[in-house]
Amino acid sequence: MATDTTVLLGHGSGGQMMKRLIDEVFLDAFGSPELLAGNDSGVAALAPTGRIAMSTDSFVVTPQFFPGGDIGRLAVCGTVNDVSTSGARVHYLSCGFILEEGYPMDDLLRICRSMADTAAEAGVRIITGDTKVVGRGGADGVYINTAGVGEVPEGVELSGSACRPGDVVLVSGTLGDHGIAVMSQREGLSFSTTIESDAAPLNHLVAAALEAAPHTRCFRDPTRGGLASTLNEFASASKVEIEVDEQNVPVNPQVQAACEMLGYDVLQVANEGKMVAVVPADEADAALAAMRASRYGEHAAIIGRVCELAPDAKPRVHVRTPWGSTRILDMLVGEQLPRIC
Amino acid sequence: MCLAVPGNIVALHDDVTATVDMLGVQRDISVALTPDAKVGDYVLVHAGFGIQVIDPEEARLTLEIFQEIPELVSEELDGVVPFGAAADAAAENETDETPAAGTVAVGAVA
Amino acid sequence: MTDGSARDEHRIDFEAFRDPDLARSLIERIDELAGDRELNFMEVCGTHTMSIGRYGFRSVMPLGIHLLSGPGCPVCVTANQDIDRIIALAKLDGLTIATFGDMMRVPGSTSSLAAQKAAGHDVRIVYSPLDAVQLAQQHPELNVVFVGVGFETTTPTIAASILDAEARGLTNFSVMSAHKMTPPALRAIADDPETRIDGFILPGHVSTITGLAPYRFLVDEFGIPGVVTGFEPVDILESILLLTEMAISGRPAIENAYRRGVSSEGNAVARGVVDKVFETCDATWRGLGKLPASGLAIRPEYARFDARRRLDVDVEPTREPRGCRCGDVLRGAIAPTSCPLFGRACTPEHPVGPCMVSSEGSCAAYFRYHE
């Protein structure tokens, strides 16, 4: 239990209060040997493959607790997944907190325990951290930054620019769950669903898929901007056209219904526990089977293919509809706003 | 303009408030504009209001007509089947058959 | 009869209106029937614009069938001077603007609601005007102004919200009305010598309220057929097929292909609520200019809910964006791609005109769904 009930400016002062916060909250939750060593940097071992992969991400979600997750779980999953997309084996995380004065200590404890549980699930350790406290109104409760590091196995060269015509596009499960779960909690849009955020660490799923499909071109987690952004990024980087079969894209019916109510395109809604993979056609079935056999991958599906770019055409993504027609799938512009018209 | 989606009324709370279910998504709406709406009815929901009780019989008839029209027109190559006439014909041919597909699914295009 | 079968009787097979086989057979029929005829069909509903785009139907129409987007996006037809007034309201200290998400990014002469929010003014997105009423009730310290845009479908919901605010005795809720009515815009287009329309895809949910009578003049005075239809793939294809048939046969009529949601007489209760609160007025439309009796103003009896009357603001001089041809696009006089700004100076990311802002605007829908 923490001594103080709310976060105070003094908790960021570098003095006694800060030490108490670190001991009672962060060390209690995370407790890795590297953290307990109490040094300014965490020191840990890494397999000597010669290359590391590193990624960082900041988390500012409102509300901080939502169906299926919280900002802490997101903060671990987001970075674990980002590092994993390079095919790296992620081991260590840093975490930085920016706390608003007056934030309930119990909520902070809850967030930290959630981070610890998620890190344990992913098999990663939080080995260094930092805390700042800002005055009331200077932040919205709590912001978290995490960075992650892992080693890239020999011979693994994944890149969004490696997609080639004939390759196959897979997604590891249903789309849009996270975005809609968070949206359903927003003030002014109140609707109730049993939709939960899909926030999940996918490092094990990625490792399994990569083992089954060793010539995988790339992975990416379709977070903000959804599948639309991810595939447009791949198309641009690889100078190809990507085709999506709309009827093969897995979508939870409740998510679809919420999207129709709010006027959203589910292909542009955020995910926090999904992975998109592009693999050579002859490894697609193996990749699919490996994803489906992994935790969080049971609804994995083959959703499209990479096509040759016509001369003079711009890289793009198009969707083949169930009605035999096609449309362009563009990136989301600006913030996703509900519309009634 | 005017995005409206079908919602199934699962509860009426007072004269003007109802809870509708849209494939598992629930929201309270006003039924002030559809005072005849009952529990079990589908209403078109727009901007938090029911604006019309959906007529299940018309939905079924329309589908039948839609399914017939391509064939009807094919039979009569240069002919035109006025929609009203087809609707009346379908209504007359109405039997007690239950329509083949009976599930309620608003979404899941994918 | 058991409970179960009673429920079955009320079941509606909505999924059947998306049936791929049925949709494909309708597309084939349209193709066969149209041959190489040149036909211009216009929808006047932004949700039809969006649906046609999302279903990719332009990619499967015969080359001669042109699906045009008319003045059906309420945000797009709102005149700059009204948008400027809304923005001026947002700048007032102590005012809370509640709006549908659609309005947020629409540029007025020099600003937008999104920009005002970023500047620290209180602008909130709601899903329903009732949410704005509730906000006013829960926060007596706020002075809430709801931005009332929309056509016949939306006006009853706003009229009912004003009545609700009255019943709750609220004094801190008002509406800035920029509502418009569809038939005068249809008349302006049917009457426009620069535009040749062979048939109108008529708005499903507007017709839910109005019924079919307001469209008769299209046939009687202009000989143009119209089909009221819904928003599922099969609904839209059906309307195109019927319009093609009528255009070819030369026997125009107003047909209702959306009987499950539209009755001939419409929703009289909803119209009664609108009549109680609103009265018709002349209104200025982007692209169509001033159309007589095409707008709705709040009646004097409800003046205390009328933000135009209650709140006196200085509205900046209206500036129309240079080169923007939204007006011509809305009339169907040109396709979005014929505007010199389209895709260059004017993109969804940096919109110049409102047709590029609203996701249902003709230009945004074109940009998003077409090459």
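Here the structure is a predicted model, which means the values were calculated and not measured.

For the rest of this paragraph, the subject is the overall build of chain A. When helices and strands are counted, chain A shows nine helices and 13 strands. Taking 341 residues into account, the globule formula puts the C-alpha radius of gyration at 20 Å, and chain A, at 21 Å, falls close to it. The principal-axis extents of the C-alpha atoms in chain A amount to approximately 65 × 55 × 35 Å. Going through the 341 residues of chain A one by one, you find that 55% of them count as buried. In chain A, 84% of the contacts between residues at least 6 apart in sequence involve partners at least 24 apart.

The number of helices and strands found in chain C is 17 helices and 12 strands. Against the globule reference of 21 Å for 371 residues, chain C gives a C-alpha radius of gyration of 21 Å, in line with a compact fold. Taking the principal axes of its C-alpha atoms as reference, chain C extends roughly 65 × 65 × 35 Å. Counting all 371 residues of chain C, 60% fall into the buried class. Long-range pairs, those at least 24 residues apart, make up 76% of the contacts in chain C with a sequence separation of at least 6.

All names here are of chain A. Domain boundaries in chain A define domain 1 (9-151) and domain 2 (168-328). Each partner contributes to the interface: domain 1 provides 21 residues, whereas domain 2 provides 19 residues. Within the residue set of the side of domain 1 that touches domain 2, elements represented by two or more residues are α3 (71-84) and α4 (105-122). Considering each element in turn, the side of domain 1 that touches domain 2 owes the most residues, nine residues, to α3. Partitioning the side of domain 1 that touches domain 2 into residue classes produces 10 nonpolar, eight polar and three charged.

This brings us to the interface of chain C and chain A. With 35 residues of chain C at the interface, the matching set in chain A holds 18 residues. Contributions of two or more residues to the side of chain C that touches chain A are made by α2 (20-34), α3 (46-55), α4 (74-77), β4 (122-125) and α17 (362-369) of chain C. Residue classes in the side of chain C that touches chain A are distributed as 17 nonpolar, eight polar and 10 charged.

Glancing now at the sheet that holds strand β9 (residues 241-245) of chain A. Residue and element names in this part refer to chain A. Strand order in this open sheet of seven strands is β8-β10-β7-β11-β9-β12-β13, and the pairing throughout is mixed. The sheet is open, and its two borders are formed by β8 (218-220) and β13 (326-328), each paired with just one other strand. Taking each pair of neighbouring strands and ignoring which way they run, the sheet shows an average axis angle of 25 degrees. Of the strand pairs in this sheet, strand β7 (residues 168-171) and strand β10 (residues 276-279) are connected by four bridges, and their pairing is antiparallel. Its bridge partner being in β10, Val169 is matched across the sheet by Val278. In this fold helix α9 (residues 284-293) packs onto β7, β10 and β11 (301-307), with an angle of close to 5 degrees to the strand it touches most, β7.

On to the domain arrangement of chain C. All names here are of chain C. You can read the domains of chain C as domain 1 (16-315) and domain 2 (321-369). Computed over C-alpha atoms, the centres of domain 1 and domain 2 are 18 Å apart. In this complex, domain 1 contributes 28 residues to the contact, which on the side of domain 2 involves 19 residues. Going through the elements one at a time, α3, β2 (65-69) and α4 are the ones with two or more residues in the side of domain 1 that touches domain 2. In terms of residue count, α3 provides more of the side of domain 1 that touches domain 2 than any other element does, six residues in total. Within the side of domain 1 that touches domain 2, the residues separate by chemical class into 13 nonpolar, nine polar and six charged.

Our focus in this paragraph is the sheet that holds strand β5 (residues 143-148) of chain C. Residue and element names in this part refer to chain C. The strand order across the open sheet built from four strands is β4-β3-β5-β6, with neighbouring strands paired in parallel fashion. Edge positions in the open sheet fall to β4 and β6 (173-177), since each of these has one partner strand only. Mean inter-strand twist for the sheet, computed between neighbouring axes without regard to direction, equals 25 degrees.

With that settled, the discussion passes to the environment of C:Val315. Residue and element names in this part refer to chain C. Tracing the sequence through the fold places Val315 in the loop between α14 (307-310) and α15 (326-330). Val315 sits 234 residues away from Gln81 along the chain, and the two C-alpha atoms are 7.8 Å apart. Once you skip the residues sitting within four places of it in the chain, Val315 turns out to touch Gln81, Asp84, Arg85 and Ala88.

This next bit is on α4(A). Residues and elements named next belong to chain A. Relative to the 26 Å expected for 18 residues at 1.5 Å per residue, α4 spans 26 Å between its end C-alpha atoms, a close match to the ideal helical length. Met105, Leu108, Ile111, Cys112, Ser114, Met115, Ala116, Thr118, Ala119 and Ala122 are the residues of α4 that are buried. Just downstream of α4, Gly123 is the residue with a positive phi angle, here 75 degrees.

For the rest of this paragraph, the subject is the interface of chain B and chain C. The interface of chain B with chain C comprises 42 residues on the first partner and 55 residues on the second. Only β4 (42-46), β5 (49-53), α1 (56-75) and α2 (83-92) of chain B provide two or more residues apiece to the side of chain B that touches chain C. A total of 10 residues in the side of chain B that touches chain C trace back to one element, the largest contributor, which is α1(B). When grouped by side-chain class, the residues that make up the side of chain B that touches chain C number 30 nonpolar, 10 polar and two charged.

All names here are of chain C. Put simply, α2 and helix α12 (residues 233-249) touch, their axes get as near as 9 Å, and they point 20 degrees apart. The pairing of α2 with α12 is recorded here as roughly parallel in orientation. Relative to α12, the crossing made by α2 is left-handed. In this structure, α2 uses Leu22, Ala23, Leu26, Ile27, Arg29, Ile30, Leu33 and Ala34 to contact α12, whose residues at the interface are Pro233, Val234, Leu237, Glu238, Ile240, Leu241, Thr244, Glu245 and Ile248. Looking at the contact of α2 with α12 residue by residue, the class counts come to 13 nonpolar, one polar and three charged.

A word on the nonpolar core. The biggest cluster of nonpolar side chains holds 262 residues, and the ones touching the most others in it are A:Leu170, A:Ala209 and A:Ala287. The element that contributes the greatest number of residues to this core is α12(C), accounting for nine residues. Apart from residues no more than four positions distant in its own chain, A:Leu170 is found in contact with A:Ala277, A:Val279, A:Ala284, A:Ala287, A:Leu288, A:Met291, A:Ala300, A:Ala301, A:Ile302 and A:Ile303.

Residues and elements named next belong to chain C. The buried count for β5 comes to six of six residues, which makes it a mostly enclosed element. Here β5 shows no split at all, with Asn143, Val145 and Val147 on one side and Val144, Phe146 and Gly148 on the other all buried. Sheet topology places strand β3 (residues 95-99) next to β5; four bridges connect them, and they run parallel. Pairing of Ala98 across the sheet is with Phe146, part of β5. Relative to β6, β5 runs parallel, the two being bridged by five bridges. If you follow Val147 over to β6, its bridge partner there is Met176.

All names here are of chain C. Predicted confidence across chain C gives a mean pLDDT of 91, with 96% of residues reaching 70 or more. Across residues 1-7 the pLDDT falls below 50, and counting only partners more than four positions away or on other chains, this stretch makes two contacts in the model. As scored by the predictor, the complex reaches a pTM of 0.87 and an ipTM of 0.91.

Rules behind the numbers
Residues numbered from 1 in each chain as written. Chains lettered and ligands numbered in written order. Predicted model: local features only at pLDDT ≥ 70, side-chain atom pairs only at ≥ 80, totals over all residues. Helix = DSSP H or I, 4+ residues; strand = E, 2+ residues; numbered from the N terminus. Rg over C-alpha atoms; globule rule 2.2 N^0.38 Å. Buried ≥ 20, exposed ≤ 12 C-beta atoms within 10 Å, placed from the backbone. Contact = placed C-beta atoms within 7 Å. Domains from an automatic or database assignment. Nonpolar A, V, L, I, M, F, W, Y, C, P; charged D, E, K, R; others polar. Pairing = 2+ DSSP bridges. Axes fitted to C-alpha atoms, helices over the stretch in contact; angles between N-to-C directions. Expected span 1.5 Å × (residues − 1). Parallel < 35°, antiparallel > 145°, perpendicular 65-115°, else oblique. Left-handed = near helix turned anticlockwise from the far one by under 90°. Core = buried A, V, L, I, M, F, W, Y, C linked by C-beta atoms within 7 Å. pLDDT = per-residue confidence, 0-100.

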